[in-house]
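Observations on chain architecture
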Amino acid sequence: MEKIVINGGIPLRGEVQVSGAKNSALPLLFATLLADGVSEISNVPDLRDINTANKLLRELGAEVATESHCCRINTEKIQNIEAPYDLVKTMRASVLVLGPLLARFGQARVSLPGGCAIGARPINLHLKGLEALGATIQLDHGYVEATADKLRGARILFDIPTVGGTENLLMAASLAEGETVLENAAREPEIVQLADALNSMGAIIEGAGTAIIHIKGVSSLKPLKCQVIPDRIEAGTFMIAAAITGGNILVRGAERKDQEALISKLTETGVKIQPEADGLRVIGPKKLSSVDIRTSVFPGFPTDMQAQFMALMTKAEGTSRISETVFENRFMHVCELQRMGADIQIDGHSAIIRGIKKMLGAPVMATDLRASASLILAGLAAENTTEVSRIYHLDRGYEKIEIKLAALGARIWREQE
Ligand code: EPZ
C-alpha cells in the first residue's frame, strides 16, 4: 500500500487547475446506457471511482475506451443487466445503473450497496421512486431485482432531497410514458449537469436545480456528447489548502455560483476570496477566526467539505462548532486530527473544536475519501512530518493531489508503506 508524506509549514503559492467533477462524471457515464450508440464524455477525472464505473459498464457489455480524460462508450452490445456485489460494494454510485437499465431494458439486477464508513446509506428512496413509475422491485439475496414492462410517469415526493435518488429517477423518467414530477429533489450542480446532458440526448426535463423537476418521457434517446463540469469539492479542498497554510493561490475552474456557502464561511474566518481569470483567488490570513458550520443539502454547506473545514478550524482562534446533519458517521477524521494535537470534542452530531497554535505532524490513517483530504490539509499546516496511510481512499476522489500540491510549493510526496 502507499502513503503520502508531508513536511508541513509552507504557505502555498501559484495556481492549480481543478479536474472534472467525480460526482458529475459518474451519473453521466451511467446515463449513456439510456441510448444505443457511441457516447463521448470529456474532462473526466482520472480516479479510482471512474475506473470502477468503466469496469461496471464493460461488465454490462459496453465497450469503453479512455484517452486523455475522455471516455468513449459504445452501448450497442449491452447483454448483461447485473451490477455485481464486488463492484457495487467498491463504489456505491454503481446503484445509478438501476434507472437506466430499467428504463432501456425493462429489467435490472443490482447488488444492494451495503453501508460504508460514513453511514448506512440506504437506497429505499431510489426504490420507492422506481416503484412509483411502475417497476416491480424484489430483494433477492442482497440484490435488487427490478422489472417493468413499461415505466409510466408519476408524481414522486422524496422524504429527503437525495442526490443519487434524484439522479436515478431523472434517468428512469426520461424514458417513461407520460410526465413525471420530482418534488423535494436534490438541487446540486451535478443534478443540473445531468439534466442538461439528458436534454441534449433528447429528453424533456425542466426545473433541474430547483426542488421541483418536470420530466416528459420520450420513446428513445440519442448518445451523449458532453464535458464534465469542474469538481467543486476538489476546488473547495484547494481553497482550504491556501487558507490553512496562509498562502495565496489561484484555483482555476472554481466557480463562485457553486461555492456560495463555502465562500461565505471561509470569508467569515478571514480568508480573502475574489474571482479572477477563470477561477477564484484565495488568500489565507495571518490569523484565522473560528466559525460554526452546519452541513446541509445544496445550496447549504456541503457535507463533502465538512472534514476539510474542520482541519482548518483546528488552528483558528477561538472555538467552533461543526454539525453534520446529512450522514450519521462522518467524524472518522476527528481521532486522527486529535493525534496531531487537535482539541476536538464530539457531542452527538456535532464536534466542538478549540483552536490551537500549531498542529504537530504524526503518522495518521485515512478512513474515507474526505477524511483523507482533511488529514492532508492538516499535514500541510503542521510542524514536522505527517504520514497519511491507506491513501487508496484519497485516490477515489482526488486526481494526483500530491502532484498538484507540490506544484504549489508543498513538500509532499507519495511512497510505498
Ligand atoms: C452523493 O451521495 C455524493 N456521491 C456524496 O459524495 C455526497 O456526500 C452526497 O451525495 C450528499 O451530497 C455521489 O454523488 C457519487 P444522498 P448519495 O442520496 O447520492 C440518505 C463524496 O465524498 N438516503 O443525497 O449517496 C442517506 O443515507 C461522496 O464524493 C436515504 O435515507 O447521497 C444520507 O444520509 C460521499 N435513502 C442522505 O440521504 C435513500 O434512498 C443523503 O444521501 C437515499 C439517501
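Report on the accompanying structure. This one's a predicted model, so the numbers in the text were calculated from it and none came from an experiment.

Time to look at the overall build of the chain. Secondary structure summary: the chain contains 13 helices and 24 strands in total. Reported as C-alpha extents along the three principal axes, the dimensions of the chain are approximately 65 × 45 × 40 Å. Of all 417 residues assigned to the chain, the portion counted as buried reaches 58%. Contacts in the chain between residues far apart in sequence, at least 24 positions, make up 73% of those at least 6 positions apart. Carbon and sulfur atoms form 50% of the exposed surface of the chain, whose accessible area is close to 16,100 Å². Placing the 45 positive and 49 negative side-chain charges of the chain at their respective mean positions leaves the two points 4 Å apart.

This part covers the sheet that holds strand β12 (residues 204–206). The four strands lie next to each other as β10-β11-β13-β12, forming an open sheet whose pairing is mixed. With partners counted over all chains shown, the strands left at the sheet margins are β10 (155–157) and β12, one partner each. Neighbour-to-neighbour, the strand axes of the sheet open up by a mean angle of 15 degrees, direction not taken into account. Direction of pairing for strand β11 (residues 179–183) relative to strand β13 (residues 212–216): antiparallel, over a ladder of five bridges. Following the sheet pairing, Thr180 is matched in β13 by Ile215.

On to the site of the ligand. Near the ligand lie 20 residues; those nearest to it are Asn124, Leu125, Thr162, Asp304 and Val326. Separating an oxygen atom of the ligand from a backbone N or O atom of Gly164 is a distance of 2.8 Å. Interatomic distance of 3.3 Å between a side-chain N/O atom of Arg330 and an oxygen atom of the ligand. Relative to its free-state accessible area of 830 Å², the ligand is covered by the protein chains to the extent of 84%.

Below, the discussion takes up the pattern of salt bridges. Applying the stated rule across the entire model yields 31 salt bridges. Note that Glu82 and Arg109 form a salt bridge whose closest N and O atoms lie 2.8 Å from each other. Of this pair, Glu82 sits in strand β6 (residues 82–83) while Arg109 sits in strand β7 (residues 107–111); the two residues are 27 residues apart in sequence, bridging distant segments of the chain. Overall, the relative accessible area of 19% leaves Arg109 in the buried class. For Asp159, the salt bridge identified is with Lys128, shortest N-O distance 3.3 Å. Of the two residues, Asp159 is situated in the loop between β10 and α6 (163–173) and Lys128 in helix α5 (residues 124–132); the sequence distance between them amounts to 31 residues. Its relative accessible area of 53% is what places Asp159 among the exposed residues. Overlapping salt bridges, with partners in common, bring together Glu2, Asp395, Glu402 and Arg414 in one network.

To continue, consider the layout of surface pockets. In this model, the second largest pocket occupies a volume close to 400 Å³. Sorting the residues of the lining of the second largest pocket by element identifies α8 (232–245) and α12 (369–381) as the ones contributing at least two each. Taken together, the residues of the lining of the second largest pocket sort by class into eleven nonpolar, six polar and six charged.

Each value, and the rule that gives it
Residues numbered from 1 in each chain as written. Predicted model: local features only at pLDDT ≥ 70, side-chain atom pairs only at ≥ 80, totals over all residues. Heavy atoms only, no water. Helix = DSSP H or I, 4+ residues; strand = E, 2+ residues; numbered from the N terminus. Buried < 20%, exposed > 50% of the residue type's maximum accessible area, 1.4 Å probe, protein only. Contact = heavy atoms within 4.5 Å. Areas by Shrake-Rupley, 256 points an atom, 1.4 Å probe, with all protein chains shown as cover. Lys, Arg positive; Asp, Glu negative; His and termini not counted. Charge placed at Lys NZ, Arg CZ, Asp CG, Glu CD. Pairing = 2+ DSSP bridges. Axes fitted to C-alpha atoms, helices over the stretch in contact; angles between N-to-C directions. Near = heavy atom within 4 Å. Polar contact = N/O pair within 3.5 Å; in protein donor to acceptor, adjacent residues only side chain to side chain. Salt bridge = Lys/Arg side-chain N within 4 Å of Asp/Glu carboxyl O. 1 Å grid on protein atoms, 1.4 Å probe; cavity = no way out; pocket = protein on both sides within 12 Å on 5 of 7 lines; lining within 4 Å. Points joined across faces, edges and corners; volume = space filled by probe spheres on them. Nonpolar A, V, L, I, M, F, W, Y, C, P; charged D, E, K, R; others polar.

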